[in-house]
Every structure is written in C-alpha cells, then in structure tokens.
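Tertiary structure, described
What follows is each chain in one-letter form.
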Amino acid sequence: MKLNCSHYFLFLILSQFQFPFLAVSYRDYVDALSKSILFFEGQRSGFLPADQRLTWRGNSGLGDGWTVGADLTGGYYDAGDNVKFNFPMAFTTTMLAWSVVEFGELMPPAELRNALVAIRWSTDYLLKTVSQVPNRIFVQVGDPIKDHNCWERPEDMDTARTVYTVDAPNPASDVAGETAAALAASSIAFRSSDPGYAETLLRTSTKVFEFADTYRGAYSDNSNIRDGVCPFYCDFDGFQASMHPFTNITILRCWSYMTEPSILLDELLWGAAWLRRASNDNSYLNYLQNNGKTLGADDNINEFGWDNKHAGLNVLVSKEVLESSIYSLQSYRASADSFMCTLIPESSSYHIEFTPGGLIHRPGGSNLQHATTISFILLVYANYLEKSSQHVNCGEVSIAPSRLRQIAQRQVNYILGENPKGMSYMVGYSNVYPQRIHHRGSSIPSTKDHPQSIGCKEGSVYFNSSGPNPNVLVGAVVGGPDEDDAYEDDRVDFRKSEPTTYINAPFVGVLAYFVANPNFS
C-alpha cells in the first residue's frame, strides 16, 4: 500500500496521534550526525591510521594496484562487500563534500573535522585513480563476481583484486565526470583548512573533466569493463537483473530511470556545474548554457543518486539563478521547481509515492538512498530560496522553503525511529536498530577476536547465522523498509539490510542542518 496525496497530507497532520512511539527522544541529531560520519571508518580500505575509532576493522587491500604497477590503496568499499567501485565512491565523495560546503558551519567543530577526514580518505584515493590522465583512468579495484561468491572479512581477502582501467580514447564520461565533480566539490570543502590541497583537487578536477568530455560515453561501453561493473554500477537505460552470486537470488542493483541516451552524460553537466562553483570560471558557465539541451538538462528526470544526477544538478545550478541572477540558466531553476512540486501534496504535479508511515518510496531496492538524497536537495534548495526571498512555483500554488524542510525532517525522523516499527534504520542509534546487516566485516568475528584467517566459503556459517552481527557498524544506514513499512532483520535480504556509502553521505549534510535547526518551524 502506498499513500496518495490526501493520505499523505492527513498523515502529516495526525501522525503524532497515529503512532504512540513518535517521540522527541528519537531526535538526537547531534548523536546521529556523529555516528553517520563514523560509519565511513568501517568502510575504509588500505592501511588504517592509529586513530581508527572502529577498532574491529583492520588493514586491507594493501596490494591494490600492484598488478598494473600503481598504488591504488585506500578509498572505500561501497557497501557490504569488498570491492572499490569508483563510480558510487566518487558520488559518495561529492555528497560528503556538498554536505560540508552547505552545512559544514552548522556542524560541531569535532564533527566537521571528522567529515573532512572522511572526504580526504576518498579524495586521496581518487587522486591516485586519475594520476595518469589524460591517458588512462582506473575505475574499479576488485572482481565483483569473485568477491560476491565469498563471504569473508576484507582483512582476509584472497579474491582477485582486478584493476579495471579505461585508456584514451575509450569513453568514461560517467565515472570521470563524477570524479571531476567529487574533486571540485572537495576543493571547496578544503579551501579554508588546507588551501594547498584544495588547489591540487581543483587543478586535477579540470584535467579529469576534460578527459570525460573529450571521450564521451559510458565506461560500461568498454568490453573490458562491462563484465566487471554490470549489473552492479553501470550507467544504462532501464533495470538490469542478474543473480546475486552469494545468495542465488535476483539482484536489481543498477536501477535507473533513464529514458533518453543523453542522460548517460548527465555527469558532464554535473562535473561542469561543480567546476563552475569551485572556480567561478565562465568557461563552465558557458558549458552549462550551451550543452544543457544536448546533454539532457531539460529532461524532467525526478531522480537523484549515484546513477542520475539531474535533480541535484538542477538544484546546484539554480543557485546561480537565485543568488546571482544568471537568467541564462533559468531552465535549470525551472526543472528544480518541477522536481520539488512532485513532492508537494498540494501541487497538481505531485506523484512521488510515500509509504503508509510517511517514507518516500521509489522502486528498485535500497530505498533509503532516495530518502537521504532527496532530503538533502530539499534542504539545499530551501536555503537557496530563502536567501533570495523566493518560493517554489508549482503553478496554482506557491511553496515556501519551510515546506521543503518539513518534508525533509519527516524523512530524517522516520529513519531515526519515528516509523511504524519504532526502529532506527541507523545501526547503533537508539535502542532498537538492525542487528543482522548484510555486511561481511560486521557479520564475521574481527581479527582481534578470531586471529585465524576465515576463508572464502568458511564465512558462510556467519552469513547464515540467525544471531546478531558481532561487530556493530555504528552509523550505517541500511537499505530500509519496503513500500508497506515492513522490515525483517534478515542478513540475506540485502535490498533492505545492506548499508551503502551513498546512503550515508547526503545524510551527513541533512543531519548537520537539523543539529542547528531542530525546531526550524
């Protein structure tokens, strides 16, 4: 069951009476922010520092890149596996950096430092992956098929650490464009604390963007890449189904809402927008003006995530229209308004679906990625609108920034426990949270508790265990409940129980806003 417009509006008014568990005690935004950032330490690959706080993790992937004569250590594992997929990692980095750019000043100083550390763990790795530009970029480390056939700790990895590369003139606009965006956004985040590093990030970003724009096309178009990235993180039209190698169930991980080939190049506009924001260079402004239609900026794509940047792109570029009156970019602002109107029950274009408990729901899987990314751009757009004293134009109704914040806060509170199950979907937050998440390192005893190696298939006993995970991946936000608010704490059901870096990254910014504005209305 899903809510229509009238049902959702009624829910917003009466939710406090419908669910007795809706209590302010769930709203410790400071604690949630701290834990959402801490999660990234559990996803680290490489040699861990002395101040590693999730001490059940150890060093891993120390030989990454040796097969191609490069140092590709570091970075993050994307989810509950041990593969470094650069496409979602770069998006994760962009969103962490955007969180700091927009909301960093609202974070407690210690958490701002932790957020910058989390960003740098990724940008240091991403700089290595593009060190051979303009000739080559590295787009992934680890054979996902072999990795997913095993259930083992990253510290014990003995599967192939295959390095996937794209050599010019072969295309990689999606990964390279997102990497350019990540480096440019991060350059802004580091500008005040480490200007030298910020300059390195920005300078590298311009080179990576040139590679992305010169050799247009998806990285999965390359025959040597396709089998390694699809169906996991390839940029293509429609849904792609395959068998999840470890559980023998169908996986829909490369979900997408693309209908036109131009959308494959949304990362080019996204990268250009971030380079414009970071450099104030008019050449990127011209790029956005001249390539918007060609690259699909006018397409009404109501989605934002690692595979589709349009809603986020339109919000980002709208800042130029709202605050600098650059009306040649008005079409981006119009598209941003259009997306916001799909979330407003009072609007005639409202069509985003909500669960009976009030959670944004999109088809596919790992639903909370939609709730966190959409909440993030709701808050960012609300800030842009408020600063310029404007509202969202939904035709017959005009929507104030506070309305966007209201929708975002409802999503946050749902995730933290104000939902029909009374469960926090952030691990380690509140008293009730998922105990059996789909995560190799969390579900297998740590090397400190079990120093002996646990091989590829030896981990099956832990995968199939009905007991809770021995290592708490604090701060991890899981995929979340289904369209009826149902959630079974089941390690096998990876669509619901697997955390990902790109669920958490935008949530960092969202939580930072509510730390400073818990009662904004």
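These figures come from a predicted structure and were not determined experimentally.

Some points on the overall build of the protein
A tally of helices and strands in the protein yields 18 helices and nine strands. Taking the intrachain contacts of the protein between residues at least 6 apart in sequence as the baseline, contacts between residues at least 24 apart amount to 73%. Total accessible area on the protein stands at roughly 17600 Å², and carbon and sulfur atoms take up 51% of it.

Looking at the UniProt feature "active site" (unreviewed entry) in the protein
Residues annotated in UniProt with the feature "active site" (unreviewed entry) correspond here to His438, Asp489 and Glu498. Spanning 61 residues, the named residues form one tight spatial group whose C-alpha atoms are at most 10.6 Å apart. Relative to the helices and strands, histidine 438 resides in the loop between helix H14 (401-416) and helix H15 (440-443). By relative accessible area, which is 1% here, histidine 438 ends up buried. With relative accessibility at 8%, the residue glutamate 498 sits in the buried group.

A short note on the sheet that holds strand S1 (residues 84-85)
A sheet is described by the order of its strands in space; here three strands give the open sequence S1-S2-S3, paired in antiparallel fashion. The sheet is open, and its two borders are formed by S1 and strand S3 (163-167), each paired with just one other strand. With two bridges connecting them, S1 and strand S2 (residues 136-141) associate as antiparallel partners. Residue pairing across strands places lysine 84 opposite valine 141, the latter belonging to S2.

Focus on the pattern of salt bridges
All told, the structure shown has 27 salt bridges when counted by the stated rule. Of the charged contacts in the structure, one is a salt bridge between arginine 120 and aspartate 124, with a shortest N-O distance of 3.6 Å. A residue pair is termed a helical-turn pair when its members lie 3 or 4 positions apart in one helix, as arginine 120 and aspartate 124 do in helix H4 (residues 109-129) at four residues. We classify aspartate 124 as partly exposed; its relative accessible area is 33%. Across the pair lysine 496 and glutamate 488 runs a salt bridge whose closest N-O atoms are separated by 3.0 Å. Judged by relative accessible area, lysine 496 falls into the buried class, the value being 11%. Here glutamate 488 falls in the partly exposed class, since its relative accessible area comes to 41%. Residues joined by salt bridges that share partners form a network here, namely Glu41, Arg44 and Arg53.

A few points about the side chain of threonine 342
Locating threonine 342 in the fold gives a position in the loop between helix H12 (330-341) and strand S6 (353-354). For threonine 342, a relative accessible area of 2% translates into the label buried. From its side chain, threonine 342 meets the backbone oxygen of phenylalanine 339 in a polar contact 2.6 Å long. Residues within four places of threonine 342 in sequence aside, it is in contact with Asn302, Ser349, Tyr350, His351 and Ile352.

Quick look at the packing of aromatic side chains
According to the stated counting rule, one finds 27 aromatic pairs in the structure shown. With 5.2 Å between their ring centres and 65 degrees between their planes, phenylalanine 39 and phenylalanine 40 make a pair best called edge-to-face. With respect to burial, phenylalanine 39 and phenylalanine 40 carry one shared label: buried. An angle of 15 degrees between the planes, with centres 6.2 Å apart, marks the rings of tyrosine 350 and phenylalanine 354 as stacked. There is no split in this pair, since tyrosine 350 and phenylalanine 354 are both buried. Taken together, the aromatic side chains of Tyr29, Phe91, Trp98, Phe103, Trp270, Trp274, Phe304, Phe376, Tyr513 and Phe514 make up a single cluster linked through ring pairs. The ring of tryptophan 121 has arginine 44 sitting right over it, with the charged end atom 4.4 Å from the ring centre. The aromatic ring of tyrosine 197 is capped on one face by arginine 120, whose charged end is 3.6 Å from the ring centroid.

Each value, and the rule that gives it
Residue positions are counted from 1 within each chain, in the order its sequence is given. Reporting in this predicted model follows two pLDDT cut-offs: at least 70 for local features of residues, and 80 or more for side-chain atom pairs to be given and counted; totals over whole chains, interfaces and linings ignore these cut-offs and use all residues. Neither water nor hydrogens contribute to the side-chain values; these are computed over all heavy atoms in the structure. By the criteria applied, helices consist of DSSP H or I runs no shorter than four residues and strands consist of E runs no shorter than two, each listed in order from the N terminus. Whether two residues are in contact is decided by their heavy atoms: any pair within 4.5 Å suffices. Computed by Shrake-Rupley with a 1.4 Å probe, the accessible areas treat only the displayed protein chains as cover when residues are assessed. UniProt positions are given in the numbering used here, feature names are shortened, and annotations may be inferred rather than shown by experiment. Whether a residue is buried, partly exposed or exposed follows from its accessible area with a 1.4 Å probe, protein chains only, as a fraction of its type maximum: under 20%, in between, or over 50%, in that order. Should DSSP find at least two bridges between two strands, the strands are regarded as paired. Salt-bridge detection follows one rule: a side-chain nitrogen of Lys or Arg within 4 Å of a carboxyl oxygen of Asp or Glu. Between N or O atoms, a polar contact is any pair within 3.5 Å; within protein, one atom must be a potential hydrogen donor and the other a potential acceptor, and residues adjacent in sequence are included only when both atoms are from side chains. Pairing of aromatic side chains requires ring centres within 6.5 Å, counting the rings of Phe and Tyr and the six-membered ring of Trp. Pairs whose planes differ by under 30 degrees are stacked, by over 60 edge-to-face, and all others tilted. Over a ring means this: the NZ of a Lys or the CZ of an Arg is within 6 Å of the ring centre and within 35 degrees of the ring normal.

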